[in-house]
Amino acid sequence: MDWSQKLYFTAFLIVIISAAASLRGIHGYAMVSGTVFCDQCKDGQVSLFDYPLNGINVAMACPDNNGQMTTWGEETTNWLGNFAMRFDGTPDLSGCVAQVTGSSEQGTRGCGTGGGQGKSPRLMFRMFDMEMYTVDPLISQPADPMSFCPKSSSYPQPQPQPHPNPVSPSIPPLPPLPPTPPMPHLPPMPPFPYLEASACPHQNWMMPEYRCYWKVVTPDSKVGVVFGLIAARKYGTDITLWEGMKGRGEPYKTLLREGTTALLNSYNSVQFPYHPLGVIQHMNWALMGSTQHVLHTALSFMRANSGNWNATCKFNPCE
């Protein structure tokens, strides 16, 4: 099971828990969930260069009695790029398609133009009058691929056209060229910051001179919004990431501090051992497990944040 499949399963568990809490008085419903990624390289698939998108509108269109596609619902993705739609009763979602329709007023960092194909929901399970569906990853693309992407992109390269009337000229062979002098040694290109291996402990992330490295999330972001419902129930809905970074002396506080630090490091360096979605996944698994599991996950995050995988903190003071 790769990291993207684990993400769907984690999001699926979160949806089940939130749905079970509001089950009283409801006579049947269907829940559809999925995730939208920014396809930075415009290669039509989710890769390590891509990240979840916040503020993207996703619509669910289904055929009516005449076979015409009509919109049944529309939702906006959260900070984790997740969306969830609920339909009362037990509707037939075969033939329906989830499609990115654009971006909301929230920032999408230039990646809100859409461009990906729609995906049909897949039934995960049915119990009594409750149905759970998931949608394979949807993508939204920028106007142009990012500069750090591989040169092979989704755009077809022009092919040379043959001459309509080929001619075979008779040209005498050229004399051999004199040997060329050796090329000078060029200095190495500086590494792209995101591609460079870097790991910084929580103390560095809390220094004012490094505040500019908080790019995807901010110090004021809520823990429940970033890590999901399970974290919100454990830590409350008002605690921020900055407040969570100050926790110590207790397993769950240590987990939040090191998990937040690992999330920031994963956004800052593509070589960090944890992908951003992997940090969120391990965080939720730990919160659903025992205290021993919490300590084990916190120590794993701490080792990664300390750079024990042959990495150092590559921070430079912000200008």
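Residues numbered from 1 in each chain as written. Predicted model: local features only at pLDDT ≥ 70, side-chain atom pairs only at ≥ 80, totals over all residues. Heavy atoms only, no water.

1. Details of the packing of helix α6 (residues 251-268) against helix α8 (residues 291-305)
Phase 1 of the analysis: Closest axis-to-axis distance for the α6/α8 pair is 8 Å, and the angle between their directions is 35°. Between α6 and α8 lies a crossing of left-handed hand. On α8, the residues that touch P251, Y252, T254, L255, R257, E258, G259, T261, A262 and N265 of α6 are T291, V294, L295, T297, A298, F301, M302 and N305.
Phase 2 of the analysis: Here the residues of the contact of α6 with α8 are counted per class, giving nine nonpolar, seven polar and two charged. (Axes fitted to C-alpha atoms, helices over the stretch in contact; angles between N-to-C directions. Helix = DSSP H or I, 4+ residues; strand = E, 2+ residues; numbered from the N terminus. Left-handed = near helix turned anticlockwise from the far one by under 90°. Contact = heavy atoms within 4.5 Å. Nonpolar A, V, L, I, M, F, W, Y, C, P; charged D, E, K, R; others polar.)

2. Some words on the nonpolar core
Phase 1 of the analysis: In terms of nonpolar packing, the biggest core is built from 38 residues, with W205, F227, Y235, L255 and L287 touching the most fellow members.
Phase 2 of the analysis: The set of elements that each furnish at least two residues to this core consists of α3 (223-227), α4 (229-235), α5 (241-244), α6, α7 (276-287) and α8.
Phase 3 of the analysis: Looking at which element gives the most residues to this core, the answer is α6, with seven residues.
Phase 4 of the analysis: Aside from chain neighbours lying at most four places away, what touches L255 is Y235, M283, A286, L287, V294, T297, A298 and F301.
Phase 5 of the analysis: Ranked by size, the runner-up nonpolar core spans 21 residues in total, among them A30, Y51, I56 and V58. (Core = buried A, V, L, I, M, F, W, Y, C linked by side-chain atoms within 4.5 Å. Buried < 20%, exposed > 50% of the residue type's maximum accessible area, 1.4 Å probe, protein only.)

3. A word on the pairing of strand β4 (residues 69-76)
Phase 1 of the analysis: Pairing geometry for strand β3 (residues 56-63) and β4, over seven bridges, is antiparallel. Looking across to β4, one finds that N57 is bridged to T76.
Phase 2 of the analysis: Where β3 folds back on β4, the antiparallel hairpin that results is connected by five residues, among which G67 adopts a positive phi of roughly 85°. (Pairing = 2+ DSSP bridges.)

4. Focus: α8
Phase 1 of the analysis: Compared with the 21 Å implied by 1.5 Å per residue over 15 residues, the 21 Å span of α8 between its first and last C-alpha is a close match.
Phase 2 of the analysis: When we look at burial in α8, the residues that qualify are V294, T297, A298, S300, F301, A304 and N305. Summarising the axial view, the buried residues of α8 lie within an arc of 160°, below the 170-degree limit, and thus occupy one face.
Phase 3 of the analysis: Looking at the buried residues of α8, the elements they touch are α6 and α7.
Phase 4 of the analysis: In the stretch just after α8, G307 is the one whose phi turns positive, near 80°. (Expected span 1.5 Å × (residues − 1). Arc of directions from axis to C-beta.)

5. Topic: the confidence of the model for the protein chain
Close inspection of predicted coordinates is inappropriate in any region flagged by low pLDDT.
Phase 1 of the analysis: Looking at the protein chain, pLDDT values average 79 and 74% of them are 70 or higher.
Phase 2 of the analysis: For the protein chain, helix α1 (residues 3-21) is the element with the lowest average pLDDT, namely 51, and α5 is the one with the highest, namely 95.
Phase 3 of the analysis: The model gives residues 21-26 a pLDDT under 50, and that stretch makes four contacts with residues more than four places away or in other chains.
Phase 4 of the analysis: Segment residues 185-192 is flagged for pLDDT under 50; beyond a separation of four residues in sequence, or across chains, it makes two contacts in the model. (pLDDT = per-residue confidence, 0-100.)

6. Side note on the packing of aromatic side chains
Phase 1 of the analysis: According to the stated counting rule, one finds nine aromatic pairs in the structure shown.
Phase 2 of the analysis: Here W214 and W242 contribute two aromatic rings whose centre-to-centre distance is 6.1 Å and whose plane-to-plane angle is 50°, an arrangement assigned as tilted. Taken together, the positions of W214 in the loop between α2 (202-205) and α3 and W242 in helix α5 put the pair 28 residues apart, joining distant regions of the chain. In terms of burial, W214 and W242 fall into one category: buried.
Phase 3 of the analysis: With a centroid separation of 5.0 Å and 70° between ring planes, the pair formed by Y274 and F301 is classed as edge-to-face. Within this pair, whereas Y274 is found in the loop between α6 and α7, its partner F301 is found in helix α8, the two being separated by 27 residues in sequence. Exposure class is identical for Y274 and F301. Each is buried. (Phe/Tyr/Trp six-rings, centres within 6.5 Å; stacked < 30°, edge-to-face > 60°.)

7. Digging into the sheet that holds β3
Within a sheet, adjacent strands bond to each other through the backbone by hydrogen bonds, running parallel or antiparallel.
Phase 1 of the analysis: Pairing is antiparallel across the open sheet formed by three strands, whose spatial order is β4-β3-β6. Two strands in the sheet have a free side with no partner beyond their single neighbour: β4 and β6 (97-103). Strand-to-strand, the axes of this sheet are offset by a mean angle of 30°, without reference to chain direction.

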